[in-house]
Every structure is written in structure tokens, then in C-alpha cells.
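# Observations on chain architecture
Residue strings, one per chain:
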Amino acid sequence: MKEPRLQSLFEEIGEDKIEELVNAFYPRVYDDPNISPLFEGDMHIIMEKQRKFLTQFLGGPALYSMEYGPPAMRYRHLPFKITPSRANSWLRCMREAFDEVGLSNHPAGEMFFSRLTQVAGIMVNSEEDD
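Here we summarise the structure given alongside this text. Just so we're clear, the structure is a prediction, and the values are computed from it rather than from any experiment. (Residues numbered from 1 in each chain as written. Predicted model: local features only at pLDDT ≥ 70, side-chain atom pairs only at ≥ 80, totals over all residues. Heavy atoms only, no water.)

## Re the nonpolar core
- Grouped together as the largest cluster of nonpolar side chains are 38 residues, with contacts concentrated most on Leu-21, Leu-54, Trp-90 and Phe-112.
- Secondary structure elements with two or more residues in this core: helix H1 (9-13), helix H2 (15-31), helix H3 (43-57), helix H6 (84-101) and helix H7 (109-123).
- With sequence-adjacent residues up to four places away left out, Leu-54 is seen in contact with Ile-18, Leu-21, Val-22, Phe-112 and Leu-116. (Core = buried A, V, L, I, M, F, W, Y, C linked by side-chain atoms within 4.5 Å. Buried < 20%, exposed > 50% of the residue type's maximum accessible area, 1.4 Å probe, protein only. Helix = DSSP H or I, 4+ residues; strand = E, 2+ residues; numbered from the N terminus. Contact = heavy atoms within 4.5 Å.)

## A few points about the pattern of salt bridges
- If you walk through the whole model with that rule in mind, you get nine salt bridges.
- With a shortest N-O distance of 3.5 Å, Glu-20 and Lys-17 are connected by a salt bridge. Of this pair, Glu-20 and Lys-17 both sit in helix H2, three residues apart, which is roughly one turn of that helix.
- Where Lys-52 meets Glu-48, a salt bridge forms, and the shortest distance between an N and an O atom there is 3.8 Å. Taken together, the residues Lys-52 and Glu-48, both in helix H3 and four residues apart, mark about one turn of the helix.
- Judged by its relative accessible area of 12%, Lys-52 is buried.
- You can call Glu-48 partly exposed: its relative accessible area is 30%.
- Where salt bridges share partners, they join Glu-19, Glu-48, Arg-51, Lys-52 and Glu-67 into one cluster. (Salt bridge = Lys/Arg side-chain N within 4 Å of Asp/Glu carboxyl O.)

Keep in mind these numbers describe shape, not what the thing actually does.
Pasting the structure below:
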């Protein structure tokens, strides 16, 4: 009898779907006035970093760490004012991108989005401005 093998979320979702997600997500981010100020620099470089991070985050090859070192995402984002509303805007853009590329209906999509929701909460480092 062959033992069942657990797949990583990366194997379930696949590299192509991650690429689609990143391509659907970043135009939304750059169009969102609440969070676009956090994304300075060349969108294509930021998208490539995100693709490498998500690949690693989902259990695929450690592409991000091989190039940039350990992710340490909260630490890397400390210079940016990430408020609860900005985290929610980021999640809304991500949810819309999930919907666009079909991850909302993908068997692994719910777990993937749940993990991203946890990350968004961890990234909050500032209170809202009054």
C-alpha cells in the first residue's frame, strides 16, 4: 500500500497561479490611495520579490531567502507605517486578486488566504491617524 503524500500549498496552487496572483494584485495596490504610498520603487522589482516570497511562503523553493536572506517580513516593513486600515486595504486588494485568478474557488485558496490574513495582522505596526 502506497503512503499518501501531503502536498505543499505551493504544489497545490502552482507557480503559474502565483504569477497570475501577483500580476492581478499589484495594479490594485498601486491604484489604492491608502496603501500605494507604502510601495515605492519599480513595481516590477516589487512584484518579483513578492513572487519569490509567496513561492517560499507556500512551501516551494526558498527563492526569496536565497536572494535576500530570511524573509523577516515584519522587520523589513518596520520603516513603513502599517495601520489596521492599511492592512485591511492590502487584504481587500489580495481578495480581489484571488477572485480574479480563481484562487477564491481553489481547494487550497481558503488556507492560503487565511495565512495571508495572519501575516497582514502581524505587519500592523502603527495606530490610525486621527
